[in-house]
Amino acid sequence: MAFETVSVIGLGYIGLPTAAMFAAYGKNVIGVDVNQQTVDIINSGKIHIVEPELDAIVHKAVTDGKLKAVTQPESADAFLIAVPTPFLPIQNEGDIPQPDLKYIEAAAKSIAPVLKRGDLVILESTSPVGATEQMAAWLADARTDLTFPEINGEESDMRIAHCPERVLPGHVVRELVENDRVIGGLTAKCSEQSVELYKTFVQGDCVVTNSRTAEMAKLTENSCRDVQIAFANELSIICDELDINVWELISLANRHPRINILQPGPGVGGHCIAVDPWFIVSKTPEQAELIHAARKVNDAKPQWVIDKVKIAIADVLQENPSKTAKDVTIACYGLAFKADIDDLRESPALQIAQNIAKLHSGRTFAIEPNIKLLPNYLENIELVGTDIAIEEADIHLMLVDHKEFKDKHFNAEFIIDTKGIWG
Ligand code: SAJ
C-alpha cells in the first residue's frame, strides 16, 4: 500500500511536527485543526508553537505545496490522530482524575465521513488502555457501510492501530526520526501497514505489539519517570529535615554502578508525566498503589516550596524589624515547566509564583528568559531581568534551571534553590 496522502488531525506539539516530517519526506500532507488561527499561521508557512528546527521544515513543506492545513477533514490514505486527552473535571477534592476522550471521539467522528475502503487510522494521542478499540467502535458506528478489524479481522475494509508519540519537547524533530516506535495494530495487517507508513521517516525500530500493550507502554514510560522523580522529591524533603544536601547525596549514591536517581525539583509539570500515570490509576485504582502514591508526592511538592517561602518571609522580617511584609520582594527564577523551554502549561514553577503573588503583600518578580510577556491571567507579578532581581529582591527562589541562571553567582542570605544549581 502506498500512502500518497497522509492526514494529521490535531496540529499541536505532536501533530504539527509529525505532519511536517511526512511532508519533508515526500508525502502529500493534509493537516487538520479546529482552530482557524492555527490553520492560517501554518498555511502562511509559520508555526504557532516553539520547537527548535520546526519552523524551517514547516516553511519549506508549505512552500513546496506538500503541506496544507484545513479545518475540515478531507480524503486521505492514512489518518493520524494527535489530539489532547485531558481529564474530566474533578467533582470532589481527592477524587482520582478520569480521562476525557472527547477530543478523540470528535476527531473520529470528523474523519468518518471521508474514510474509504483500505484507509489506515492511527491513534497517536496518549490514551488509557482500550481507547483505540473505543475509537474503532466510534468509527464503525459512524460508517456502517465499512467493515472494521474488531469484527471482521484481517478481511475488514479498515486498518486501525495505536502508535503512541514518545518525543521530548525541545528535541522533537530529532527524536521523531531517531526514536523507536511501538506499533499496536488491531490485527497483524494493521501493524504491518503502520510500520510501512512510519518507515517513511523513522530510522528507529518500529516494534509491533497489540493496541492495548502499546497504550500501556506509553503510560508505563511516563509513570516510571514520575515514580522515579517522586523518589527524588521525597528524598529532598527528608534531607531538608535532616540537614543534608540532597544534591550531594544523590551524586554520591549515583556513583554506585546500579543506581541512577533523578533530580528533585519544585514538582512535576508538563502535559504528560503529571497526567499519564492517572490513566493507569483510574483504570486499576486497587492495584496501582505505588503509581498513585508517586503522583501525590509530586503534586504536593509545590505547596512544600510555598511553605518554605513563607518561612523565609518570616525570617526576613525577624532580621529586619523596620520592615513589614510589604517591603519584602520575592524573585521567582523560571516559570516554564522545565529548563530551556517557553512552555508554561501545567508548570509547577508558574503555580508556585502565582500562589506567592496571591499570598504575599510585597512585590513578586518573575524572571523568565524564554518569554517576552507574562500571560495576562498572572496578577501582581512583574517580569524583570536577572540582574534587577539579584539586586533588588530579598528572597531568591530558584524554580527552573534555565541555562541563563546556571552561571549566576551572587551572595544573598535568603536563597531557596529547588533545583540545586546555586548550592
Ligand atoms: N523532572 C524532574 N526531575 C527530573 C526530570 C524531570 O523534576 O530528574 C520534571 C521536569 O522539570 C518537568 C517534568 O519532570 O517538570 C517532566 O519533564 P521531562 O523532561 O521528564 O518530560 P516531558 O514531560 O517533557 O516529556 C516526557 C518524556 N517521557 C519520558 O522521558 C519517559 C517524553 O519522551 C514523552 O514523549 C513526553 O513525556 C510525552 O509526550 O508523553
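Residues numbered from 1 in each chain as written. Predicted model: local features only at pLDDT ≥ 70, side-chain atom pairs only at ≥ 80, totals over all residues. Heavy atoms only, no water.

**Some remarks on helix H5 (residues 131-142)**
Its twelve residues give H5 an end-to-end C-alpha distance of 17 Å, which sits within 8% of 16 Å, the value for a rise of 1.5 Å per residue. Regarding H5, the residues found buried are Ala131, Thr132, Met135, Ala136, Trp138 and Leu139. Each buried residue of H5 sits inside an arc of 155° when the element is viewed along its axis, so together they form one side. As for H5, its buried residues are in contact with strand S4 (78-81), helix H4 (102-111), strand S5 (120-123), helix H6 (149-152), strand S6 (159-162) and helix H9 (211-242). (Helix = DSSP H or I, 4+ residues; strand = E, 2+ residues; numbered from the N terminus. Expected span 1.5 Å × (residues − 1). Buried < 20%, exposed > 50% of the residue type's maximum accessible area, 1.4 Å probe, protein only. Arc of directions from axis to C-beta. Contact = heavy atoms within 4.5 Å.)

**Here we look at the site of the ligand**
Around the ligand sit 19 residues, and of these Val167, Lys218, Arg225, Gln263 and Phe337 come closest. Gly269 is positioned such that a nitrogen or oxygen atom in its backbone is 2.9 Å from an oxygen atom of the ligand. Lys338 is positioned with one of its side-chain polar atoms (N or O) 2.8 Å from an oxygen atom of the ligand. Burial of the ligand by the surrounding chains reaches 87%, relative to a free accessible area of 770 Å². (Near = heavy atom within 4 Å. Polar contact = N/O pair within 3.5 Å; in protein donor to acceptor, adjacent residues only side chain to side chain. Areas by Shrake-Rupley, 256 points an atom, 1.4 Å probe, with all protein chains shown as cover.)

**Description of the packing of aromatic side chains**
Summed over the entire model, instances satisfying the criterion amount to seven aromatic pairs. Centroid distance Phe22 to Phe201: 4.8 Å. Interplanar angle 75°. Geometry classified as edge-to-face. Of this pair, Phe22 sits in helix H1 (residues 15-24) while Phe201 sits in the loop between helix H8 (188-198) and strand S8 (206-210), placing them 179 residues apart in sequence. Accessibility expressed as a relative area gives 2% for Phe201, which makes it buried. Centre to centre, the rings of Phe87 and Phe279 are 6.2 Å apart; their planes meet at 90°, and the pair counts as edge-to-face. (Phe/Tyr/Trp six-rings, centres within 6.5 Å; stacked < 30°, edge-to-face > 60°.)

**Details of the sheet that holds strand S2 (residues 28-32)**
The eight strands lie next to each other as S3-S2-S1-S4-S5-S6-S7-S8, forming an open sheet whose pairing is mixed. Edge positions in the sheet fall to strand S3 (67-70) and S8, since each of these pairs with one other strand and no more. The sheet shows a mean angle of 25° between the axes of neighbouring strands, direction not considered. Where S6 meets strand S7 (residues 181-185), two bridges bridge the pair, whose relative direction is antiparallel. Each bridged residue has a counterpart across the sheet, and for Ala161 the counterpart in S7 is Gly185. Across the face of the sheet, H9 comes into contact with S6, S7 and S8 while running at roughly 115° to S8. (Pairing = 2+ DSSP bridges. Axes fitted to C-alpha atoms, helices over the stretch in contact; angles between N-to-C directions.)

**Some thoughts on the layout of surface pockets**
Any empty space left between the atoms is revealed when a probe the size of a water molecule rolls over them. The space that makes up the second largest pocket amounts to roughly 940 Å³. Secondary-structure elements contributing two or more residues to the lining of the second largest pocket are H9 and helix H13 (348-359). Ranked by residues supplied to the lining of the second largest pocket, first place goes to H9 with five residues. Its residues assigned to classes, the lining of the second largest pocket shows 19 nonpolar, ten polar and nine charged. (1 Å grid on protein atoms, 1.4 Å probe; cavity = no way out; pocket = protein on both sides within 12 Å on 5 of 7 lines; lining within 4 Å. Points joined across faces, edges and corners; volume = space filled by probe spheres on them. Nonpolar A, V, L, I, M, F, W, Y, C, P; charged D, E, K, R; others polar.)

**Details of the domain arrangement of the protein chain**
Many descriptions give the size of an interface as the accessible area lost when the pieces come together. The domains assigned to the protein chain are domain 1 (5-204) and domain 2 (222-417). The C-alpha centroid of domain 2 is placed 34 Å from the C-alpha centroid of domain 1. At the junction of the two partners, domain 1 supplies 14 residues and domain 2 supplies 13 residues. Taken over both partners, the interface formed by domain 1 and domain 2 buries close to 1300 Å², and the fraction arising from carbon and sulfur atoms is 70%. If you sort the residues of domain 1 by the area they bury against domain 2, Tyr13, Phe87 and Ile96 come out on top, with a joint share of 37%. Connecting domain 1 to domain 2 are zero salt bridges. Put simply, domain 1 and domain 2 have one residue pair in polar contact (both at pLDDT 80 or more) between them. Of the residues belonging to the side of domain 1 that touches domain 2, the class tally is ten nonpolar, four polar and no charged. (Domains from an automatic or database assignment. Buried area = accessible area lost by both parts, 1.4 Å probe. Salt bridge = Lys/Arg side-chain N within 4 Å of Asp/Glu carboxyl O.)

**Focus: the sheet that holds strand S12 (residues 395-398)**
Hydrogen bonds along the backbone pair up the strands of a sheet, which may run parallel or antiparallel. Here five strands make up an open sheet; going across it, the order is S11-S10-S9-S12-S13 and the pairing parallel. Here the strands that pair on one side only, and so sit at the sheet edges, are strand S11 (381-383) and strand S13 (414-417). On average, adjacent strands in this sheet sit at an angle of 20° to one another, irrespective of strand direction. Relative to S12, strand S9 (residues 330-333) is paired through four bridges, and the arrangement is parallel. Note that in S12 the partner of Tyr333 across the bridge is Met398. Contacts from helix H12 (residues 289-319) reach S9, S12 and S13, with the element oriented near 170° to S13.

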